[in-house]
Amino acid sequence: MAIPKDQIRLLMQTGPDVVEVDFIVVDAFSPYTAIMGRPWLHTLGAISSTLHQKMKYPFGGQQSETPALPINGPADEAKCENLEKVAVGNDLEKFFQVGAQLPMQERDQLVEFLRKNVDVFAWSAYEAPGVDPSFICHNLNVNPSITPRIQPPRRPPKKHAEAARNEVTKLKQAGAIKEIFYPQWLANTVELGRSIEVYIDDMVVKSKVASGHVEDLTNIFEVLRKHKLCLNASKCSFGVGSKKFLGYMVTQKGIEVNPDQIKAINGLQAP
């Protein structure tokens, strides 16, 4: 159950027609950015067909239709941006990878920043100084004079397990909890601050605008340098608007499916 947060009126263009549409804003999980309802269809006088992936509506005394998705794949498929290699110095084996579509001013600023912070990178395991032990090591607050004991596994009775499942179902139906869809992940990603998300040894630094990317990287690099953490330069990409992360495509529009994983489905021929 989703509770409406607010309402907003926007102009929506369908072909040559532009109409005002009222949208209800909700805070809920959805694979769609927006859902167009019956008032919009009625305003256009449109008829939609989910079978043919088309919509027809009258315009100028004739029938117009929205184009269907091509058989071989979606019309606007998310793709990884091309990367450009920038040498660190005279050694061609050491380089950074920056987005080829980055504007020249932002590109020069980013390259200059990376070269100034070359100490944060390592091109082999022998170049890494080692993580600060005070940061990576953890101790259990136990009495060393007592011998540890292995606890036997505790399996709840069938009646208790069934009662727990029923309570979880009630909480889900009431909207108090919801299921998180991570089909291939073993744990949730961890967000550190406002501009970075980390999952085990993979991380992504997010910036709203290209001009603010260096500032976000500066804050992250200070944390890495403080704890003697190094980045593998050969696996890093800077200044890109779309990239694969944990098997998904991360773009400015959000998280999208990896086209490589659905290539076989998109390539199916119509019967």
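Structural data are supplied above this passage.
Below is a summary of the structure that appears in this document. In every chain, residue numbers begin from 1 and rise along the written sequence. Local features in this predicted model are restricted to residues whose pLDDT is 70 or higher, and side-chain atom pairs enter the listing and the counts only when it is 80 or higher, whereas totals over whole chains, interfaces and linings include all residues. Working from all heavy atoms in the structure, the side-chain values ignore hydrogens and water.

## Structural notes on the layout of surface pockets
What the second largest pocket holds in volume is close to 480 Å³. Tallying contributions element by element places strand E2 (residues 17–26) first for the lining of the second largest pocket, with eight residues. Looking at the lining of the second largest pocket residue by residue, the class counts come to 13 nonpolar, four polar and two charged. Site definitions follow a grid-based scheme: protein atoms alone, a 1 Å grid, a 1.4 Å probe that fits but cannot get out for cavities, and for pockets an open set with protein on both sides within 12 Å along at least five of seven lines, plus lining residues having an atom within 4 Å of a point. Grid points are joined across faces, edges and corners, and a volume is the space filled by probe spheres set on the points. Numbering of helices and strands starts at the N terminus; helices are DSSP runs of H or I of at least 4 residues and strands are runs of E of at least 2. Ten residue types, Ala, Val, Leu, Ile, Met, Phe, Trp, Tyr, Cys and Pro, are classed as nonpolar, four, Asp, Glu, Lys and Arg, as charged, and the remainder, Gly among them, as polar.

## Looking at the pattern of salt bridges
Criterion for a salt bridge: a side-chain nitrogen of Lys or Arg within 4 Å of a carboxyl oxygen of Asp or Glu. By the definition in use, this model includes eight salt bridges. One salt bridge connects Glu 112 with Lys 116, and the closest N-O pair in it is separated by 3.3 Å. Of this pair, Glu 112 and Lys 116 both sit in helix H2 (residues 104–116), separated by four residues, roughly a single helical turn. Exposure remark for Glu 112: the relative accessible area of 45% places this residue in the partly exposed category. In this structure, Arg 225 engages Asp 119 in a salt bridge whose closest nitrogen and oxygen atoms are separated by 2.8 Å. Residue Arg 225 is located in helix H5 (residues 213–226), and its partner Asp 119 is located in the loop between H2 and strand E8 (121–122); the two are separated by 106 residues in the primary sequence. A cluster of three or more residues bridged by salt bridges with shared partners is formed by Arg 9, Glu 20 and Asp 22. Buried means the residue's accessible area, taken with a 1.4 Å probe over protein chains only, is under 20% of the maximum for its type, while exposed means over 50%, and partly exposed covers the values in between.

## Looking at the packing of H2 against H5
For any two helices packed against each other, the geometry is given by the interaxial angle and the distance between the axes. Axis definition: a line fitted to C-alpha atoms, limited for helices to the stretch in contact. Angles are taken between N-to-C directions and run from 0 to 180 degrees. Put simply, H2 and H5 touch, their axes get as near as 10 Å, and they point 15° apart. Here H2 lies roughly parallel to H5, going by the angle between them. Here the hand of the crossing between H2 and H5 comes out right-handed. Between H2 and H5, the residues in contact are Gln 109, Leu 110, Phe 113 and Leu 114 and His 213, Val 214, Leu 217, Thr 218 and Phe 221, respectively. Its residues assigned to classes, the contact of H2 with H5 shows six nonpolar, three polar and no charged. Any angle that is under 35 degrees is reported as roughly parallel, and any over 145 degrees as roughly antiparallel; angles of 65 to 115 degrees are reported as roughly perpendicular and all others as oblique. Each crossing gets its hand from how the near helix is turned against the far one by less than a right angle, where anticlockwise is left-handed and clockwise is right-handed. The criterion used for residue contact is that any of the two residues' heavy atoms lie within 4.5 Å.

## Brief notes about H5
One turn of the α-helix equals 3.6 residues, which is why residues spaced by three or four share an orientation. Expected helix span is taken as 1.5 Å per residue step, with the number of steps being one fewer than the number of residues. With 14 residues, H5 should reach 20 Å at 1.5 Å per residue; the first-to-last C-alpha distance of 20 Å fits that figure. Within H5, the full set of buried residues consists of His 213, Val 214, Asp 216, Leu 217, Ile 220, Phe 221 and Leu 224. Seen from one end, H5 has its buried residues packed into an arc of 150°, which puts them on one side. When the buried face of H5 is taken as reference, the exposed residues oriented beyond 90 degrees from it are Glu 215 and Lys 226. Next to the buried residues of H5 lie H2, E8, strand E10 (196–199), strand E11 (202–205) and strand E12 (231–232). At the exit of H5 stands Lys 228, carrying a positive phi of roughly 60°. For this quantity, the arc is that covered by the directions from the helix axis to the C-beta atoms.

## Comments concerning the side chain of Ser 195
Looking at the secondary structure, you find Ser 195 in the loop between strand E9 (190–192) and E10. Assessed through its relative accessible area of 6%, Ser 195 is described here as buried. Residue contacts for Ser 195: discarding those within four places in its chain leaves Val 204, Val 205, Lys 206, Asp 216 and Ile 220.

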